[in-house]
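Analysis of the macromolecular model
Each chain, letter by letter, is given below.
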Amino acid sequence: MKITKYPKTLALLVIVVAAIAYSYSWTYTPHGRLDYRAATSLHLLSFETTIKPDPKLDFELTLPVNLIYALSGMLPKDEVAKVQEVSIPGDGVQIPARVYWPKGTAADTKPPVLVYYHGGGFVVGSVDIFDALTRSLAETTGAIVVSVDYRLAPGSPYPAAVNDCYAAVQWAAAHAEELGGDSAKLIVAGDSAGGNLAAVVALKAKNEHGPAIAAQILYYTVADLSGKPYASAKKFMDGYGLSSQ
């Protein structure tokens, strides 16, 4: 069979291969190589087409961000032993959360309980969007993971998120044994804005003699909101999802 009988198919194949090859060029940066998936996501984020998710809100979300979030849910996910939706009593509110139990935990073993706060600049994100990450975290660490759907700004301004996150760690400490975990191995974790919340919760627990936090896991944490001109912030202020503006 001659391929010349299918010129359109051949042309489409060439275009697809060329597009993939071109997109790999995005992985090269002045600061080193990026993971292909991360590079593709950052390139999509560079588009400035925006929408307002709610006319009542005063912030905008990029269309590519929404696309990335939607597509992320279609990627393969780690299997865990069990997933359960829970409702945590908060400051006059009920805080949704999702609990993940890792596979392969011995019957006589009590794993750590890890309370996770997602990123999103305090204004976006959810337990659904970070479902794949928290599943992977449960399986990788062997911990019971409690992913918290804290309230977001600007609809729920500060200190709503802090209050929700602190209520969640108090709940996790009180229910650790019921969940099958070790109350002496309570961990807070988060990425970006969630890392900030995890650190704040740990400090709040210490200052207010709250739950004993055994460890923190902070991913690319927003730890200083004072605007201090750190060298790393200046170096990566453009082209990596955020900017100085």
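What counts and what doesn't
- Residues numbered from 1 in each chain as written.
- Predicted model: local features only at pLDDT ≥ 70, side-chain atom pairs only at ≥ 80, totals over all residues.
- Heavy atoms only, no water.
- Helix = DSSP H or I, 4+ residues; strand = E, 2+ residues; numbered from the N terminus.
- Buried < 20%, exposed > 50% of the residue type's maximum accessible area, 1.4 Å probe, protein only.
- Contact = heavy atoms within 4.5 Å.
- Areas by Shrake-Rupley, 256 points an atom, 1.4 Å probe, with all protein chains shown as cover.
- Salt bridge = Lys/Arg side-chain N within 4 Å of Asp/Glu carboxyl O.
- pLDDT = per-residue confidence, 0-100.
- Polar contact = N/O pair within 3.5 Å; in protein donor to acceptor, adjacent residues only side chain to side chain.
- Pairing = 2+ DSSP bridges.
- Axes fitted to C-alpha atoms, helices over the stretch in contact; angles between N-to-C directions.
- Left-handed = near helix turned anticlockwise from the far one by under 90°.
- Nonpolar A, V, L, I, M, F, W, Y, C, P; charged D, E, K, R; others polar.

**Some remarks on the overall build of the protein chain**
The number of helices and strands found in the protein chain is seven helices and ten strands. Across the 245 residues of the protein chain, 31% fall into the buried class. A sequence separation of at least 24 residues applies to 66% of the contacts in the protein chain between residues at least 6 apart. Summing over all exposed atoms, the protein chain offers an accessible surface of approximately 14700 Å²; the carbon and sulfur share of this is 60%.

**Describing the pattern of salt bridges**
Under the counting rule described, the total for this entry stands at seven salt bridges. Between D131 and R98 there is a salt bridge, and its shortest N-O distance comes to 3.2 Å. In this pair, D131 sits in helix α4 (residues 131–141) while R98 sits in strand β6 (residues 94–101), placing the two residues 33 residues apart along the sequence. The two residues D131 and R98 agree in class, both being buried. Residues R151 and D164 are paired through a salt bridge, measuring 2.9 Å at the closest nitrogen-oxygen approach.

**Quick word on the confidence of the model for the protein chain**
In the predicted model, the protein chain carries a mean pLDDT of 84, and the fraction of residues at 70 or more is 81%. Low pLDDT, under 50, characterises residues 55–60; the stretch is placed with 15 contacts to residues that sit more than four places away or in other chains.

**A short note on the side chain of T27**
Looking at the element boundaries, T27 is found in the loop between α1 (7–24) and β1 (28–29). At 3.1 Å, the side chain of T27 forms a polar contact with the side chain of R33. Those residues in contact with T27, other than ones at most four positions away along the chain, are G32, R33, L34, D35, Y36 and A39.

**Comments concerning the pairing of strand β9 (residues 186–191)**
Along β9, six of the six residues are buried, which leaves the element largely enclosed by surrounding structure. Here β9 shows no split at all, with L186, V188 and G190 on one side and I187, A189 and D191 on the other all buried. Where strand β7 (residues 113–117) and β9 come together, five bridges link them in parallel fashion. Counted as the bridge partner of Y117 is G190 from β9.

**Observations concerning the environment of G195**
Within the secondary structure, G195 sits in helix α6 (residues 193–207). Here G195 falls in the buried class, since its relative accessible area comes to 0%. Each C-alpha atom, one on G195 and one on Y116, is 8.8 Å from the other, the two residues being 79 residues apart in sequence. What G195 contacts, discounting residues up to four positions off in sequence, is G190, L218 and T221.

**Topic: the sheet that holds strand β5 (residues 82–89)**
The mixed open sheet is built from six strands, whose spatial order is β5-β6-β8-β7-β9-β10. This sheet does not close on itself; its edge strands, each paired only once, are β5 and β10 (215–219). In this sheet, adjacent strand axes meet at a mean angle of 20° when their direction is disregarded. Both β7 and strand β8 (residues 144–148) contribute to a ladder of five bridges, which runs parallel.

**Things to note about the packing of helix α5 (residues 160–179) against α6**
Their axes nearest at 9 Å, the elements α5 and α6 cross at an angle of 65°. At the point where α5 passes α6, the crossing takes the right-handed sense. Contacts from A161, V162, C165, Y166 and V169 in α5 reach L197, V200, V201, K204 and A205 in α6. Within the contact of α5 with α6, the residues separate by chemical class into nine nonpolar, no polar and one charged.

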